[in-house]
Structures are given as C-alpha cells and as structure tokens.
2 protein chains.
Amino acid sequence: MSSTNAGSTWTSDRILSDRILMGPGPCNPYPEAVQALGRPMLGHLDPEFISLLDETNERLRTVFGTSNRLTFPVSGTGSAGMEAAIVNFVGPGDTVVVGVNGVFGGRMVDVVQRTGATAIAVAHEWGQPVDVERMLAAHPSPTMFAMVHAETSTGAQSDVAALGAAKGDALLLVDCVTSLGGVELEIDAWGVDIAYSGTQKCLGVAPGLAPLTVSDRAIERLKPTPQSWYLDLNMIAAYVTGDGARAYHHTAPISMIMSLHAGLGVVLDEGLDAVRARHQAAGDAVKDGMRELGFDLFAAEGHRLAPLSSISIPEGRLPAGVTEADVRSRLLAEYGVEIGGGLGPVAGKVWRIGTMGHTARQRNVTTLLAALADIIA
Amino acid sequence: MSSTNAGSTWTSDRILSDRILMGPGPCNPYPEAVQALGRPMLGHLDPEFISLLDETNERLRTVFGTSNRLTFPVSGTGSAGMEAAIVNFVGPGDTVVVGVNGVFGGRMVDVVQRTGATAIAVAHEWGQPVDVERMLAAHPSPTMFAMVHAETSTGAQSDVAALGAAKGDALLLVDCVTSLGGVELEIDAWGVDIAYSGTQKCLGVAPGLAPLTVSDRAIERLKPTPQSWYLDLNMIAAYVTGDGARAYHHTAPISMIMSLHAGLGVVLDEGLDAVRARHQAAGDAVKDGMRELGFDLFAAEGHRLAPLSSISIPEGRLPAGVTEADVRSRLLAEYGVEIGGGLGPVAGKVWRIGTMGHTARQRNVTTLLAALADIIA
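Quick caveat: nothing in here was measured; it's all calculated off a predicted structure. (Residues numbered from 1 in each chain as written. Chains lettered and ligands numbered in written order. Predicted model: local features only at pLDDT ≥ 70, side-chain atom pairs only at ≥ 80, totals over all residues. Heavy atoms only, no water.)

(A) Quick peek at the nonpolar core. One finds A:Phe89, A:Ile194, A:Leu212, B:Phe89, B:Ile194 and B:Leu212 to be the most contacted residues of the largest nonpolar core, which totals 184 residues. Once residues lying within four places of it in the same chain are set aside, the contact partners of A:Leu212 are A:Phe64, A:Leu70, A:Thr71, A:Phe72, A:Val74, A:Gly81, A:Ala84, A:Ala85, A:Ile194, A:Ala195, A:Tyr196 and A:Leu233. (Core = buried A, V, L, I, M, F, W, Y, C linked by side-chain atoms within 4.5 Å. Buried < 20%, exposed > 50% of the residue type's maximum accessible area, 1.4 Å probe, protein only. Contact = heavy atoms within 4.5 Å.)

Okay, here's the thing in structure tokens:
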C-alpha cells in the first residue's frame, strides 16, 4: 500500500465527529492553538525553540500572576503537575495538611502518601469550599498545606488568599487546574508557593501539558533527589531557566509547547480580564438556564465556580425510565455536545458542565440548553 | 487588541524556521501525523476517542512485535516511559542489573536507585554493545535485567534476544527509544517483558508520548502501589484495557494520540519492512558519506545502529580554529539542518546524525553531506 490517503491505514477511513466539549475538560481549543500544533518541528535545543519556550513561560507568569522564575509547562497532563508539585518537596518525616472537598484533594492525599510523607486529610462535604480554619487547626507546623482552588469534581471554588496569609512557615500548594485563565488568580499576592494547572481547561489548549510555578522560597526547600527522575525540578530547572546553554534533561513536547504559546497569546490578546469575564458570563448563563429547566445547583452558594457548573438532577425531573447517562448519550450522539457526569459519591446525581477556553461562549450555552430541553421534554 | 493575527501576541510575529532534523531526535514528523494533530478535539471518555486509542494500541503491538494486552502510549516523553517501566516493578529489596554503555543506561541506574532498589551497573566502554555474559555474571537472580537496545548517545545497537533467552526468572526491560519502527524488534520472540520508546524517533511523530508494552508475566509482578501515582500501571490499565466502561485516571493527551495513530498508519501503509529498509539505507548513506569526507565511525563495527550514526571527528579534520560546535551552528543557521553533538565523555568529539521517521530519506542525507562539505572545505 502507498502512504496516500485513499484506502490507507493511517486514517482508517475514520471520520471523527466535531464535538462541542462542555464537560469538565478538555474544552475546544482556540483555533490559533490548533494551528500552532502543525508548525514546523524544531529541536528541543534549537535557539528558536528555547526562545519560544522562554516567551511561553513569560506568558504563563502573566496568567498565574507571578514573577516566579521557575514557571514552565511540565511534560505531562495536569496530574503530572500535581505529582511534580508534591514529590519535589515532601518525603518521609514531612507532614502535609490536605483539604479534601472532592476527587482532586483526595488524589493529592494519595500522591503525598506515596512519597512516605504523612498526609492529614481535612475532609469536607462535597460541594463545599475548603475551610481555612479547619486546615490551620489540623496541625501546628506542617511542611505543606495543599488545597484545590477550583474542584473539578464538584464545581466549588475556595478562598486561597486566606490560607496564604495564615500559612506561617509551611509551603502552600494549590491545584489551579480549572481556575488558571478562567477566574481571578494571583499566585504572588495570595502567598502561594507552588501551583499547577492543565492546558485543556480555561487556557483553551489541547491536554498534554501541566503549567507549574514555584516560588523562590519553595525552591530553597527542593529535595536534592526526589523519587521521580522525570519530574526532578533540580534537573528540569537547568533546562528551563538555565542562563545561556541549556542542559538537556528530557526531550520537550515541542508541538504542545508551540500550541500553548499560541493559546496563551490568544488569551493575552483578548485580555486576561476580558477572558475571565467571558468565562463568568458563560458559566452564569449555564446556571441560569439549567435552573429555568428545573435543575438545581450542586456547589454551595457563594462558592460556585464560573468555568464549571455542577448541576443536581432532582428526582422526577427526567422523563420516566430515562437515566442521566441516557441524556448525556443522546446529547453526544444527536447533537455532538459533551457534558460530564458525576464522579465518586455524586455519580448518577450530578452533571458537570464546562464553559472553558474557546468553548466559553454564549452560542455554545444556547445550543446546549436548547438540545437538553428537546431531549427531556 | 483583537485575537486576529495582525499585530497580535499569539504569534509574536514570530516566523519559525523549517528545519531538516538530523539530530538524535526529534525527527521531522510525517505530514500525515502533523495533520492529525489538528483534528477536532474529542473528550478522553468519548467512544470515538476510545476506539481510536484501541486502534492506536493495536498498531503499536504490530510495530513492537507483541501480542501484549497492556500496550499503550504513556502520557509523557520517552523518559516517562523509562520511569513507568521501572517504578511499577521494583522497589526496596529488589535488584536490577543494568547494562550501561551510554547515557540512557546510566539514566536507568538513577531511576532504579530512586525506587530504593539496588542497581548493579555493568559498565561498558562507550560505543560498545551490551555484553550479555557480563550481565548474566553480575548477579545470580536479579529481579530485573535492564538494557538499551539502541543507545542514542553512542549509536551502538545491542543483542536483546540473547539476554531474553538467558534471563531465567528475572524480568527483562529494554529501552527501545531509538529502535522502535526503525530496526528489527520482536518483543515477544526475544523474550522481552517490558519495553518503552518515544514517538519522536523512528515513528515519525512529535515528541510527547512514550509507547510502552508489558507482558502478562510482568503484569503479575506489578507493585500494588508504585511510588508514582501518575505512572501507576494498575490504574492506567483500567482506562487503557478496560472492557466496556473505561475508568478515568488522568486526561489523555488527545491530540498527540491522534497524531501517533496517524503516524503509525503511515508506517504500516508503507510496510514495516520497507520502513526499516529505508532507515537502513539512509543510515548507510550517512556513514558512507561521512567516511568519504574523512570522518570515522564511533560505534563498534558490527553494532552500528542504522537510524542514528555516531561520527568521530579526527584531530585536524576541521579547518584550523573551527570547533565542531561552530560547524553545527553554521549547518543550522545557513542550511537549516540540525545534527547532534556528543554527550558526556564524548562531548566535543562526536556528532550524532539521525535519519529517523520522515527524515530517513536520501534527499536529506544528500543535503547534509553537501552542506557539510561546503562548510569544512
């Protein structure tokens, strides 16, 4: 066979659907970010690529609200960012107080425990924000406090600045996966030492990278030999922030970084405030529309995340014999619209509707609400 | 500012060069693999994506020469594949015999030690293949033997089948980063239990994924809670190989997997034997041409890797006052051709010239040799 398109294996004559992605991520990426994926490949030590990486990192500093020198995209998805943010800083003998108000707080506990450190889980009811007083009361002098800014599993947003002001000598680690680029975030002003995110949420880029930022205060406490070689920040920093020659560590995911560079450019061209306002407006439109359709909001009032709306499905709201999973399947099959189901204790009871990145536009909300109204009529 | 192209931040009016990538990787990706990066985004739980992932994994089985059920691309670059291949199988109390004949064998020792296992490094002269007898003599009953099939730092290829036949009860781990798709590889027939690779070498895809394959025999020995959550194969297998419903672990790098799917399709359309022959012919042309230009071959005769040619630079071969780094800089700046320098003990003494993936074509070799002849005339 030839490598042409006709009758070839490389496409399998496979035509992929064009979805409107309104689940908890990935979102639809910005067209400019997609276009950048196809730019000519460069080597990871090419001066042109190093310059593009430097500019990408500078753009990340802007959206994070930080001047942290060590700010770059980890070569993995958001969970790799979480792991990098933990294994470089804690190990046996350390204590981490973790706010658990959903899946991702729970995941942090798991990652902490695998380092040999002690995790003190401060459990919250799902849908509630993290209670800073309870975090502070959990241990008098932990190595680290860890919390999720925007819980992707519940749609609850928590107050980071309050913990930043009261953290004392501890490091403060914050999961910003579903907040970076979509809601207000001020890493430096809020006293955050380590934060990570993902590219496929409010930044409007494909999944595959985990933006990470680390304060100088945290860098001083880096473990000299963390358990992960791939995520060892001592070595990665020599490539990412080295002056002049950059020491090779691992081959960077070039195309994804080119795409992140472009996606961040779109965000900064529109303006960070304008992008956040667009996320807020789209999220408000989802919440208002779903209430009009007879659904409830799951996350606690006053703590509802704009880019991800968690929706409770009241008993009897769906037609008899129709499950929430049936509705999601019909939305996907008939309208090409993806929304997310609930995880863990709220599986089958909650929908998660994302309005993130390029998807955070009224047109998509209108489409979703109209399609949903048809399906559950 | 608007988010249009004119005067915007997203491009920075940045025009990237169009390189011929003849270093140790990344190569130039196949046009079809680049095109697939821009396919419409799908969710990681979308049935269409799961089907595409399944087909990608089936294609990986073909190029690996395996029927291993657990065969998939790890969500990170090649070194993440190395870490996944080690931390899931060894820990305190285990012993790993590692063949070290270049940088990547040394990296395996580092990763093994970070798990708490004992690494017995069997050191070889750089450029030599791994000596199976010395590996077997290093320990009577190790948990694992680990070796590099094709050392990217030296261009030496080693005999894997001999160790596979003699491994006894130990697991056999093989680094196939620069061999998968480019030279003969038979995971099952050679008795390999665990193997990983990268997408940016002979597969002709962008960097960002690490194809991994694990035998059933190795799966039986998986650590129940490996130190890495992100690379925990127990949990990842539930997503990658689950029957029916797939359990969410982390968000897959969708665009990169679409690209790998397409790149593997190109390889299979051309035919695996034909692709390997093309790599052999291009590598032979590099070696012949460089000898004609007065250079020597670094890797031991009879063990020279086709896709990556390691070239010794004899004293006095370059014009007076010109360093090997000067030559590489001029190749890049004047001809847009990238080749690699030496690492570690052979830095400044060796060039590494890759002919991998889409780059493995006579036209590129001709261009390189002519450009080099001009520069060092």
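(B) Representation of the sheet that holds strand β9 (residues 194-196) of chain B. Residue and element names in this part refer to chain B. Taken in spatial order, the seven strands line up as β2-β10-β9-β8-β5-β3-β4 in an open sheet, and their pairing is mixed. The open sheet has two edge strands with one neighbour each: β2 (70-74) and β4 (118-123). Averaged over neighbouring strand pairs, the angle between their axes works out to 15° when direction is ignored. Alignment of β9 against strand β10 (residues 210-214), held across three bridges, turns out to be antiparallel. The residue bridging Ala195 from the neighbouring strand is Thr213, located in β10. Sheet strands in contact with helix α4 (residues 103-114) are β3 (95-100), β4, β5 (144-148), β8 (171-175) and β9, and its direction is about 160° off that of β3. (Pairing = 2+ DSSP bridges. Helix = DSSP H or I, 4+ residues; strand = E, 2+ residues; numbered from the N terminus. Axes fitted to C-alpha atoms, helices over the stretch in contact; angles between N-to-C directions.)

(C) Structural context of the relation of the copies chain B and chain A. At an RMSD of 0.0 Å, chain B and chain A line up after a rotation of 180° and a shift of 0.0 Å along the axis. These values place the two chain copies in the arrangement generated by a two-fold rotation axis. Among all C-alpha atoms of chain B, that of B:Gly76 lies closest to the rotation axis, at 2.5 Å. In this assembly, 100% of the residues forming the interface of chain B have copies in chain A that are likewise at the interface, indicating an isologous arrangement. (Least-squares fit on C-alpha atoms with pLDDT ≥ 70 in both.)

(D) Representation of the sheet that holds strand β3 (residues 95-100) of chain A within the structure. Residue and element names in this part refer to chain A. Strand order in the open sheet formed by seven strands is β2-β10-β9-β8-β5-β3-β4, with mixed pairing between adjacent strands. On the outer flanks of this sheet lie β2 (70-74) and β4 (118-123), each paired with one strand and no other. Sheet twist, expressed as the mean angle between neighbouring strand axes with direction ignored, is 15°. Inspection of the sheet shows β3 paired to β4 by six bridges, in the parallel sense. The partner of Val97 across the bridge, within β4, is Ile120.

(E) View of the packing of helix α2 (residues 47-64) of chain B against helix α9 (residues 254-270) of chain B. All names here are of chain B. Here α2 crosses α9 at 45°, and the two axes come no closer than 9 Å. With respect to their mutual orientation, α2 and α9 come out oblique. Crossing hand, α2 versus α9: left-handed. Contacts between α2 and α9 involve Phe49, Leu52, Leu53, Glu55, Thr56, Arg59, Leu60, Thr62 and Val63 from the former and Ile254, Ile257, Met258, Leu260, His261, Ala262, Leu264, Gly265, Val267 and Leu268 from the latter. Of the residues in the contact of α2 with α9, the class split is 13 nonpolar, four polar and two charged. (Parallel < 35°, antiparallel > 145°, perpendicular 65-115°, else oblique. Left-handed = near helix turned anticlockwise from the far one by under 90°. Nonpolar A, V, L, I, M, F, W, Y, C, P; charged D, E, K, R; others polar.)

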